[in-house]
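Observations on chain architecture
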Amino acid sequence: MQTPRRLPPLNAVRVFEAAARRGSLKAAAEELGVTASAVSHQVRHLEEGLGVRLFARSNNAIELTAEGARFAAATAPALDIIAAAASALQRDANEVFVRASVSLALRWLIPRLGRFRQAHPSIRVRLETPVSAMADHDDIDLVIGYTRIENPSAQGATVLFDDSCVVVAAPEIAARYRAADAAAMAASGALISATADDWDWRRWAEINGVDWHDVRMANRFEIDDAAWEAASAGLGMTLASPRLIERELRNGLLAIVGSQSGLLLGHYWVRARPPIRRGAELFLAWLLEIAADDSGAVLRGAES
C-alpha cells in the first residue's frame, strides 16, 4: 500500500510563497486580497507545522532564513505547476491557443487553417501574433518560434521546417540579374535588408565567397514583410523563404533571381506547453503533417 503524502496546508504554503517572493507581509496581503495579520497568522501556522522558522522578523521587516530560502525555492515551481494544471482543466478542451510571429502566421499558417477546420470542425483555434518577445504565458498551448542556424532550437521543441531562403525580386529586376554572379549582385547597390545587423545577407556573402565590404545595400527595413513589399515594388532584391512568399511567386509579383539552391538561415520550430490538451495535441499533429507535405513544393513550383 502506498504511503499517503504528508503535505503542509497548501493555503499556508501559497501565502508563504507570496511573502517570500514579495519580501513583505503587507505586499503579500495586497496580492492575495487579505490582511497582513492573516498572512502573518498563516506563516506562523506553517512554521509551527514544519517545526522551523521560515522568516527572521525585525520590527515590520521580514527576511528568509536559510530553511525558508530552501523551502521557497522548492515550493514556487510546484505552485506554478499546480496553477498551470488547474488552468488547463478549466479551459475548453476543444480550444487551442497558438502563438506565432506575424509573418509566419499571415503567410503560412492562416492560409492553411481551413484544412484544419475541415479535418477537426469541433476544435477552435486562437492565434496570437505578438510584436514583442515570444515569451510563454499560462494560456498558450503551442508556440511556433524561430532560431538562427548557428543557435540551438528551444528546449523541448520540434523542428517544423527549415528557413531555406533565395534571392527574389520583381520580375523585371530578376530578369536584369538573371545571369549575374554573387559578386555582381553584391556590388549592384540593389540589395534590400530586413535585419538590423544584416545577418542574413552576411551569411549569404560568406557562403558565396563575397567580401562583406563589397556588399552595397539599397534599403533597410525592420520587418520581412516590408522588405518583400519593397522588392515587389521594384526597389531591389531581398532574401525570402519561398514558403512565406508563395502568393507573390504564384501571382508573378516576385521571381527567384537566376538559378539558386536555398540558403539555410534557420529553423521554424513548434513547442507544446504541458500538460497538452486534446485540441493542442490534434493541432500539433496537423502542423507537423502539413509542414512535411509542403516540404520543397513551393520552391520546385517557382522554378518550373
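Keep in mind that this is a model prediction, so the values were computed, not measured.

Let's shift gears to the side chain of Asp-141. Along the chain, Asp-141 falls in the loop between β4 (124-128) and β5 (142-148). According to the relative accessible area criterion, Asp-141 is buried, its value standing at 4%. In terms of polar contacts, Asp-141 uses its side chain to reach the backbone amide nitrogen of Phe-97, at 2.8 Å.

This paragraph deals with the pairing of strand β11 (residues 263-272). By the criterion of burial, β11 is predominantly enclosed, with seven of the ten residues buried. Taken together, the seven bridges between β5 and β11 define a ladder with antiparallel strand orientation. Within β11, the position partnered with Val-143 by the bridge is Arg-271. One ladder, built from seven bridges, connects strand β6 (residues 158-169) with β11; its direction is antiparallel. When the sheet's bridge partners are listed, Thr-158 is paired in β11 with Val-270.

Close approach of charged atoms lets side chains of opposite charge pair. Going through the model one piece at a time under the given rule, you end up with 15 salt bridges. In this structure, Glu-150 engages Arg-148 in a salt bridge whose closest nitrogen and oxygen atoms are separated by 3.7 Å. It is possible to trace a salt-bridge network through shared partners that takes in Glu-17, Arg-21, Arg-22 and Glu-31.

Further remarks concern the layout of surface pockets. Computed from the structure, the largest pocket encloses a volume of approximately 880 Å³. As for the largest pocket, its lining consists of 36 residues, and the residues nearest its centre are Ser-101, Ser-103, Tyr-146, Asp-224 and Tyr-268. If you list the elements that add at least two residues to the lining of the largest pocket, you get α5 (102-109), β5, β6, β7 (191-193), α9 (199-207), α10 (224-232), β9 (238-240) and β11. Grouping the amino acids of the lining of the largest pocket by side-chain chemistry returns 22 nonpolar, eight polar and six charged. Taken as a whole, the second largest pocket holds about 260 Å³ of empty space. Lining the second largest pocket are 20 residues, with Trp-204, Asn-208, Ser-259, Gln-260 and Ser-261 positioned closest to its centre. If you list the elements that add at least two residues to the lining of the second largest pocket, you get β6, α8 (182-186) and α9. No other element matches the three residues that β6 contributes to the lining of the second largest pocket. Considering only residue class, the lining of the second largest pocket consists of twelve nonpolar, six polar and two charged.

A few words on a nonpolar patch on the surface. A surface patch of nonpolar side chains, about 230 Å² in accessible area, is lined by Val-102, Leu-106 and Ile-110. Among the structural elements, Leu-106 can be located in helix α5.

The next point concerns helix α2 (residues 25-32). Those residues of α2 not exposed but buried are Leu-25, Ala-27, Ala-28 and Ala-29. Against the buried residues of α2 lie α1 (10-22), α3 (36-50) and β2 (61-64). Backbone nitrogen of Lys-26 and a side-chain oxygen of the N-cap are separated by 3.2 Å at the start of α2; the cap is Ser-24. Just downstream of α2, Gly-33 is the residue with a positive phi angle, here 75°.

Reading guide: rules and limits
- Residues numbered from 1 in each chain as written.
- Predicted model: local features only at pLDDT ≥ 70, side-chain atom pairs only at ≥ 80, totals over all residues.
- Heavy atoms only, no water.
- Helix = DSSP H or I, 4+ residues; strand = E, 2+ residues; numbered from the N terminus.
- Buried < 20%, exposed > 50% of the residue type's maximum accessible area, 1.4 Å probe, protein only.
- Polar contact = N/O pair within 3.5 Å; in protein donor to acceptor, adjacent residues only side chain to side chain.
- Pairing = 2+ DSSP bridges.
- Salt bridge = Lys/Arg side-chain N within 4 Å of Asp/Glu carboxyl O.
- 1 Å grid on protein atoms, 1.4 Å probe; cavity = no way out; pocket = protein on both sides within 12 Å on 5 of 7 lines; lining within 4 Å.
- Points joined across faces, edges and corners; volume = space filled by probe spheres on them.
- Nonpolar A, V, L, I, M, F, W, Y, C, P; charged D, E, K, R; others polar.
- Patch = residues over 30% accessible without salt bridge, like charges linked within 9 Å, V, L, I, M, F, W, Y side chains within 5 Å.
- Areas by Shrake-Rupley, 256 points an atom, 1.4 Å probe, with all protein chains shown as cover.
- Contact = heavy atoms within 4.5 Å.

These figures capture arrangement, not role.
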